[in-house]
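Commentary on secondary and tertiary structure
Here are the chains, one letter per residue:
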Amino acid sequence: MPRLRSIISLVLVLVTTLLVSCSGPQATIPTVYSPQKIEQLQVYIQPIEGFRQKMSVLQDLIADKNWVDTRTYIHGPLGQLRQEMVGLSRNLLPKDQEKAKQLAKNLFVHFERIDAAAKEKDASLAANQFQEALKDFDAFLNIVPS
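Residues numbered from 1 in each chain as written. Predicted model: local features only at pLDDT ≥ 70, side-chain atom pairs only at ≥ 80, totals over all residues. Heavy atoms only, no water.

Focus: the packing of aromatic side chains
Put simply, the rule is: Between rings of Phe, Tyr and Trp, where Trp is taken as its six-membered ring, a pair exists when centres lie within 6.5 Å; planes separated by under 30 degrees are stacked, by over 60 edge-to-face, and by other angles tilted. Elements are defined by DSSP. Helices are runs of H or I of four residues or more, strands are runs of E of two residues or more, and each kind is numbered from the N terminus. Only protein chains enter the accessibility calculation, which uses a 1.4 Å probe; a residue whose area is less than 20% of its type maximum is buried, one above 50% is exposed, and one in between is partly exposed. Lysine and arginine charges are scored as sitting over a ring when NZ or CZ, respectively, is within 6 Å of the ring centre and within 35 degrees of the ring normal.
By the definition in use, this model includes one aromatic pair. A centroid spacing of 5.5 Å and a plane angle of 75° characterise the contact between Phe108 and Phe111, whose relative ring orientation is edge-to-face. Taken together, the residues span about one helical turn, with Phe108 and Phe111 both in helix α5 (residues 94-120) at a distance of three residues. With a relative accessible area of 7%, Phe108 lands in the buried category. The ring of Phe108 carries the charged tip of Arg82 above its face, separated from the ring centre by 4.3 Å.

Encoded structure:
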């Protein structure tokens with residue numbers, strides 16, 4: 001009988017230890033941006049806003065039908081944009097991450113189509129895709145709180 005009590009005591013200690021170690025505060029997902037988070041996002045958004053300003057150069061290249069420089073500009077100066085947008089998307093709240101990732105993906109689909117249109121020297125397709133790219137770019141920037 002004393003041996004049975006020892007075993008039961010040991011089992012109860014193990015069960016109690018397991019229950020205490022498995023329970024704890026649940027991590028909550030934030031639903032609003034804190035001032036610190038907004039400050040952090042501003043560091044990420046500044047280079048992206050710089051790329052947005054550079055889009056006028058791409059528009060001029062398409063308008064001038066300068067296809068070689070159009071393709072070069074997409075792959076050169078705008079080449080870093082994808083990495084910047086993905087980095088910013090990862091730092092958004094979960095409710096905004098999926099939309100931001102989809103808008104970034106759409107933007108680069110439009111860049112690929114502009115590149116293909118430049119290769120084929122199709123000014124109307126390039127101009128149309130540029131306008132769609134601007135819409136997606138602006139929608140992406142509007143997701144980020146200021």
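Topic: the pattern of salt bridges
Threshold: Salt bridges are counted wherever a side-chain nitrogen of Lys or Arg sits within 4 Å of a carboxyl oxygen of Asp or Glu.
Going through the model one piece at a time under the given rule, you end up with three salt bridges. One salt bridge in this structure joins Asp115 and Arg71, with 2.8 Å as the shortest N-O distance. Here Arg71 lies in helix α3 (residues 67-75) and Asp115 lies in helix α5, a separation of 44 residues in the sequence. For Arg71, a relative accessible area of 29% corresponds to the partly exposed category.

Nothing here speaks to function; it is all geometry.
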